[in-house]
Structure formats: C-alpha cells, structure tokens
Amino acid sequence: MHIPDGYLSPSTCATLYVAAIAGWYAALKRLKRLLLSRVVPLISVFAAFAFVIMMFNLPLPGGTTGHAVGVTIAAIVLGPSGAILAISIALAIQALFFGDGGITTLGANCFNMAIVGSLVAYATYRLIAAGASIASKRRVTAAAVAGYLAVNAAALVAGAELGIQPLLFRDAAGTPLYSPYPFGVALPVMMIGHLTFAGLAEAVISAGLVAYLQVADRNLLQGSSGVPVGTEVPLATPVQANSQRRLWMAVALLMLLTPFGILAAGTAWSEWSPSEFARPGSPAQIGTGANVLRGTIPSGMQRLANLWTAPFPGYAPSFVKSAGFGYLLSAMFGVGFLLALSLLAQGYLERRRATRYSR
Amino acid sequence: MKRGGFVESTLIGFTRALSRALMSEEIARRRGLLQSLDPRVRVVGLFALVLAVTLSRRLTVVLALFVVAVTIAVFSRVGIGTLAKRVWLVVLAFTGVIALPAIFITPGTSIATFAGGSLRITAQGLATATLLIARVETAVTFTTLLMLCTPWSHVLKALRSFHVPQEAIAMLAMTHRYVFLLVENASQMFESRQSRTVGRLPGPERRRMTARTAGVLLSKSIDLSSDVYMAMQSRGFRGDIRILSDFDMRVWDYVGLFAFLCAGSIAVWTGR
C-alpha cells in the first residue's frame, strides 16, 4: 500500500499533503492539551513499535504470510490522534530512512494509512465493542473487524487515488503520465490483495494483541474502551478492601439507627394487624374503606393472621422491656442471620466449584 | 516465500534493515560530492530533483535525470552495484510487474499483435509503462542517494532549519533511535522462541506465537516510553525542544544549490 514516488501526479501529491497536514495539525493540537513531555516519548516509541510490527511476517490461514500496518492497535491504545501521529512518524522513517514509500507521496501514504486507517479502526472498534467489559471476547472480535476494515478502507482510498490518475493526467497522444490504470482496474487489483492477505494480517495481529493485553496489561485497553476508569478493577486491590470496609460501616450505622423507627406514629402503611381495623379512625379503616363497614375485619385476614407467629413480634423479644433496645437487638439478629446464610451459601458454592475443577 | 519459514523471513528482514542502516552510516562518512555539501543543500537539491522527475512529462527528460542521478552516485562514491541491487532491481521487479499489463490494456495505436490479434501492444501502453518505470527508478535513486550520503541526524537538522515543527523532529529522532532497539528486542525474542521449537508449529499456534511476541514488544515499548519520559523529566525537560543548528553555508554549498536548482528547473521546463 506504500505508494512510491512517480505513481501520483504532483497536484495529487500536493492535495494529499494538504489533507495530511490538516490531520497532523488537528491530532497534534488535540494531544498538546495533554502533557507534551509525556506525549513525545509515547508517540515516538509507539511509532518505533509500529515500524517493527510492519516488518513482522505474519502466518495467515492457508499457509501464506502477510504484513500488518499496526494502525489498529495504535488507535485502540493511543486513540485516533495518537495513532495518526505514530503511524505517520513510522511511515516518514520508512520513506526517509529506508526508502519504502516515496517522498512526494508521503502525504498520500500518511493520509491513507495513518489518517483514514486510524479513524476507521477507532470508529469500528468503539462501535462493535460498545458496552463490552475490558475482558470481553467481543473486544477481540471488534479489533479483528476494525483491523480488517481499516486496512481495506486505506487500500480503497489508495486505489481511488491511483485510479484517478489516467483520467486526469494524459499527454496529447493519450498516454497516461502516471499510474496507467483506471478505476475499473486499479480498485479491484488493489482490493483483492487487501481483502485477502493484508486485511487478514492486520485482523490477526490486532485481535491477537487485544487478547494478549486483556490478560497481560488491561490498562492499555482502558483509554478507548468507553468504560469509565475505576469501574473495572481486574484484581483484588486496596480499593476493593476500602469499599468493603465502607459497606460494613454503613450496615453498622443502619443497625444503630433502627430504634428511630419507633418515633413514627401509627403503623406503616399496609402493615396493619387485624386489631387496627377495629380501631375507629385508624389508617387501616380509612385506607381500605373498612370504616364504611363499621369496624369489620376482612375475613381472609382474620383467618390467616394466626398462621405464623414471629419469634420477635413487634421487633422485640418478649423478655425485652425497652422498645429501642429491642429494635437494636432485632437488627443485629437479622443482619447476623443473613450473614450466616450468605456464608453458608458461599461455602457450598466454593466446594461445588472445587469439586468440578478437580475432576 | 518459504512456507513455515516466517520466523526466518522476519529475522532476515530485521538483519537487512540493520545492515542497511550500518551501510548508510559507512557511506555517509566517505569523502564524495554529496557528502561535501551542506546537508540542507542535499535535502533541498535532491528533493527538487525528485519533484522535477515527477513533474516531467517526457521520457527523454526523465532518462536524462537518471543519468544525472548515476553521475552524482559515482562522484559521491556510492557503488553502482549497491544501487543496482538495492534500488534498480527491486523497483524493476515491483513496478515492472505493475506496469506490464498497461502495455496491453492501454487504449491507443496498435504496434504489435499476438495470439491471433487477441493480444496487442499499443504505443501509448508501451510509453506509459516505460515512463512509469523510468520515473520511479529515477525518483527512488535520488531518495536513496540522499539517505546513503546523509546521516539521519543531519537530515533532521536540515528539516528543522526548514521550520518543520520541533515536536515532529523530536519524534522522528526518538523513533529512529528506538526502532533499532525494538528490532533487536524482537529479533532476540524470535531467536529465543525458535531455539526452543522442535518440528513445525501448526498455523494457529504460529499466529498466537507472533501475536504474543508483538504483545510483549508492545508492553516493553510502553515501559520504555515511561522510562524515556522519566529520564526527560530528570533532565528538566518542560516541553521546549532545542536542536543545535550549527550548519554553515560556504561558497561550494551555494554552487551546489545553484546546480541542483538549475538542473531541476531545466528538467521541468523541457519536460513540460
């Protein structure tokens, strides 16, 4: 996809240099909002990494090999602005130092691979991985699809740039002056190679790298994940310990506050006992229209009221005389009972899991 | 490409890149025509000639510029064999394959027919294929001469004097430096894995292995960037990049610049 010097007319090169410069300017301006001293080494080292990745011979299905661009993983880890700069720097080093890709066509190559590639890769990855957790398999699929589409989008634009040459630039005898193939030839030829090998190579390396980072270094996937920082804590951390401590303190506070319930007048709505219906003007009579029935207790309630007698009726055991202390005791008993139940369930589930893995 | 030899191919690629870089350093130290000129003159002059090649519409003018490129190479003590192996044959193989079908499919005046008239060579097809190959060969020769005869640090200094943003120069310099470190790292990882591999790995395992190597390289790169950042902080870097520009233009450099610009202008004028 690296277009060498001589394939594109000077006016095409100039136009694409202008487009690339606009992209570089916007990306640099966006990144300058961050700490420049941190951005320079990060982009530089990532550009060096992308350069080396471009040299990897990737084994593809079918026994052949291909080269990736590295634009997708750059977009996922650095975001589109960082990727535009990192891939452009890598392409500039390739062109200026290793002679891979032309000098006059550097703008075009950067526009195709760095700008179009980064934007398509980032948009596709965010779209497919939207709402997925960092460790989700969907992120691996998203990276593969993003890589495949990014490389093919870049190839499509490059094919269009080459295809436009014979239409616009011919001499008096009709001889094409630059790339000689029209759209009908340039586009299919360009796309066949990228739809099969180059796109696949980018998909393989992007998916492989995201799967690796999910295990080895999840922080690098956080930036483009759309998942707010701090909502996913991969391993047991002091943050987890702190949140547990806060939970226990909140439970203890609520237990201490339970006696406040007795300050409220009357009975809580719809928690009436049969005797409430007999009391004239009680909320039970007003709320249910029982006052119209002159103190009649609903027959179903009358029948079922004595079916179960609570151990602590009215939130206080019979031997406790103080209502406030009774509330507190009931709260402690209730919380303790629920904790014991939860620990028993946890122990049972862990034993079951251990048995399953030992088989 | 040898099947199953992807590790070997990658290692060969790494070695080739390193040997090219070493060769460039060695040629840049020789005493020759281009080496004697100010790096800014080399960058401007050779870029002007690449532009002239791109602007020229006549094959004869492009071929004349090719002769100029070969002459500069000879006087700059760049071996013709090196250029032939590194540039001309590679470009001929790549662009030749791309240009060949154009001889037959470009519409125009028929000059030869084959296979009972179903295959024909057109004058316009032949002209466009030859022009494309000649143009790419000449432009890449000029670019290669610039790279071979100018140390990378001088290219960057020259770019800085043309007001390329400091951030871009700093990133280019830093990337160039760490490319070699990462190439060496990746090379060691592949060699290490290869030395532990017996027989031929199945396809999915080969892909996983390559992705894991790339992943480790990525983690190392990020760690490296943090180390570089801390080193910059420790030296008091606050975002202001300064590059020493100690180039000094002499009469000889002005003569060189004038010659480059004259050659480029004549080529554009006659090749229009």
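Keep in mind that what you see is a predicted model, and the values were worked out from it rather than measured.

### Brief notes about the overall build of chain A
Okay, so step 1: Helices and strands together make up the secondary structure of chain A, namely 12 helices and 2 strands.
Okay, so step 2: In chain A, the succession of α and β elements from N to C terminus is α-α-β-β-α-α-α-α-α-α-α-α-α-α.
Okay, so step 3: Counting every position in chain A, which comprises 359 residues, the buried fraction comes to 43%.
Okay, so step 4: For chain A, contacts bridging at least 24 residues in sequence account for 68% of all contacts bridging at least 6.

### Structural notes on the pairing of strand 1 (residues 110-114) of chain B
Residues and elements named next belong to chain B.
Okay, so step 1: Among the 5 residues that make up strand 1, 0 are buried, leaving the element largely open to the surroundings.
Okay, so step 2: With 4 bridges joining them, strand 1 and strand 2 (residues 119-122) adopt antiparallel strand pairing. In the strand pairing of strand 2, Thr-113 is matched with Arg-120.
Okay, so step 3: Hairpin remark: strand 1 followed by strand 2, antiparallel, with 4 residues in the connecting loop; positive phi at Ala-115, about 50°.

### So, the domain arrangement of chain B
Okay, so step 1: When the domains of chain B are assigned, the result is domain 1 (28-150 + 248-270) and domain 2 (166-234).
Okay, so step 2: The straight-line distance from the C-alpha centre of domain 1 of chain B to that of domain 2 of chain B is 35 Å.

### Re the interface of chain A and chain B
Okay, so step 1: Chain A puts 57 residues into the contact, and the matching count from chain B is 69 residues.
Okay, so step 2: Taken together, the residues of the side of chain A that touches chain B break down into 41 nonpolar, 12 polar and 4 charged.

### Brief notes about unusual backbone geometry
Leaving glycine aside, a negative phi is the common case for residues, and trans is the common case for peptide bonds.
Residue and element names in this part refer to chain B.
Okay, so step 1: Positive phi, normally seen in glycine, also occurs at Arg-77, with a value near 60°.
Okay, so step 2: Within the secondary structure, Arg-77 is located in the loop between helix 3 (59-75) and helix 4 (80-105).
Okay, so step 3: The backbone phi angle of His-163 is positive, close to 65°, even though this residue is not glycine.
Okay, so step 4: Taking the number of C-beta atoms within 10 Å as the measure of exposure, His-163 has 7 and is therefore exposed.

### Here's the deal with the packing of helix 2 (residues 39-55) of chain B against helix 9 (residues 251-270) of chain B
Helix-helix packing is described using two parameters, namely the angle between the two axes and the distance between the axes.
Residue and element names in this part refer to chain B.
Okay, so step 1: Their axes nearest at 8 Å, the elements helix 2 and helix 9 cross at an angle of 5°. As judged from the angle between their axes, helix 2 and helix 9 are roughly parallel. In this structure, helix 2 contributes Val-41, Val-44, Gly-45, Ala-48, Leu-49, Leu-51, Ala-52 and Leu-55 to the contact, and helix 9 contributes Asp-253, Gly-256, Leu-257, Phe-260, Leu-261, Ala-263, Gly-264, Ala-267 and Val-268.
Okay, so step 2: A breakdown of the residues in the contact of helix 2 with helix 9 according to their chemical character gives 13 nonpolar, 3 polar and 1 charged.

### A closer look at the packing of helix 1 (residues 6-29) of chain B against helix 7 (residues 166-195) of chain B
Residues and elements named next belong to chain B.
Okay, so step 1: As a packed pair, helix 1 and helix 7 sit with axes 10 Å apart at the nearest point and diverge in direction by 150°. By the criterion of interaxial angle, the relationship of helix 1 to helix 7 is roughly antiparallel. In the packing of helix 1 onto helix 7, the handedness of the crossing is left-handed. From helix 1, Val-7, Thr-10, Leu-11, Phe-14, Ala-17, Leu-18 and Ala-21 reach across to helix 7, where they touch Phe-180, Val-183, Ala-186, Ser-187, Phe-190, Glu-191 and Gln-194.
Okay, so step 2: Partitioning the contact of helix 1 with helix 7 into residue classes produces 10 nonpolar, 3 polar and 1 charged.

### A look at the nonpolar core
Okay, so step 1: Among the nonpolar cores identified, the biggest contains 165 residues, and Ala-50, Val-52, Ala-74, Ala-86 and Ile-87 of chain A together with Leu-145 of chain B are the most heavily contacted of them.
Okay, so step 2: Counting residues per element, this core draws most heavily on helix 3 (residues 71-97) of chain A, which supplies 20 residues.
Okay, so step 3: Not counting residues up to four positions away in its chain, the partners in contact with Ala-86 of chain A are Ile-43, Phe-46, Ala-47, Ala-50, Ala-74 and Leu-78 of chain A.

### Let's talk about the confidence of the model for chain B
Residue and element names in this part refer to chain B.
Okay, so step 1: In the predicted model, chain B carries a mean pLDDT of 85, and the fraction of residues at 70 or more is 96%.
Okay, so step 2: Averaged pLDDT values for the elements of chain B fall to 78 in helix 1 and rise to 93 in helix 3.
Okay, so step 3: Predicted complex, confidence summary: ipTM 0.84, pTM 0.72.

### What about the environment of Met-113 of chain A?
Residues and elements named next belong to chain A.
Okay, so step 1: Of note, Met-113 is situated in helix 4 (residues 106-128).
Okay, so step 2: Classification of Met-113 as buried rests on a count of 30 C-beta atoms within 10 Å.
Okay, so step 3: Residues Met-113 and Ala-203, 90 residues apart in the sequence, show an inter-C-alpha distance of 15 Å.
Okay, so step 4: The residues touching Met-113, leaving out its near neighbours within four places in the chain, are Met-1, Val-69, Val-71, Ile-87, Leu-91 and Ala-154.

### Things to note about helix 1 of chain B
Okay, so step 1: Its 24 residues place the ends of helix 1 of chain B 35 Å apart at the C-alpha level, agreeing with the 34 Å of an ideal helix rising 1.5 Å per residue.
Okay, so step 2: Of the residues making up helix 1 of chain B, those classed as buried are Phe-6, Val-7, Thr-10, Phe-14, Ala-17 and Ile-27 of chain B.

### Section: the confidence of the model for chain A
Residue and element names in this part refer to chain A.
Okay, so step 1: The predicted model of chain A has a mean per-residue pLDDT of 78, with 70% of residues at 70 or higher.
Okay, so step 2: The least confident element of chain A is helix 10 (residues 283-288), whose mean pLDDT is 54; the most confident is helix 4, at 93.
Okay, so step 3: Below pLDDT 50 for its whole length, residues 232-240 participates in 6 contacts with residues either more than four positions away or in separate chains.

How each quantity is defined
Residues numbered from 1 in each chain as written. Chains lettered and ligands numbered in written order. Predicted model: local features only at pLDDT ≥ 70, side-chain atom pairs only at ≥ 80, totals over all residues. Helix = DSSP H or I, 4+ residues; strand = E, 2+ residues; numbered from the N terminus. Buried ≥ 20, exposed ≤ 12 C-beta atoms within 10 Å, placed from the backbone. Contact = placed C-beta atoms within 7 Å. Pairing = 2+ DSSP bridges. Domains from an automatic or database assignment. Nonpolar A, V, L, I, M, F, W, Y, C, P; charged D, E, K, R; others polar. Axes fitted to C-alpha atoms, helices over the stretch in contact; angles between N-to-C directions. Parallel < 35°, antiparallel > 145°, perpendicular 65-115°, else oblique. Left-handed = near helix turned anticlockwise from the far one by under 90°. Core = buried A, V, L, I, M, F, W, Y, C linked by C-beta atoms within 7 Å. pLDDT = per-residue confidence, 0-100. Expected span 1.5 Å × (residues − 1).

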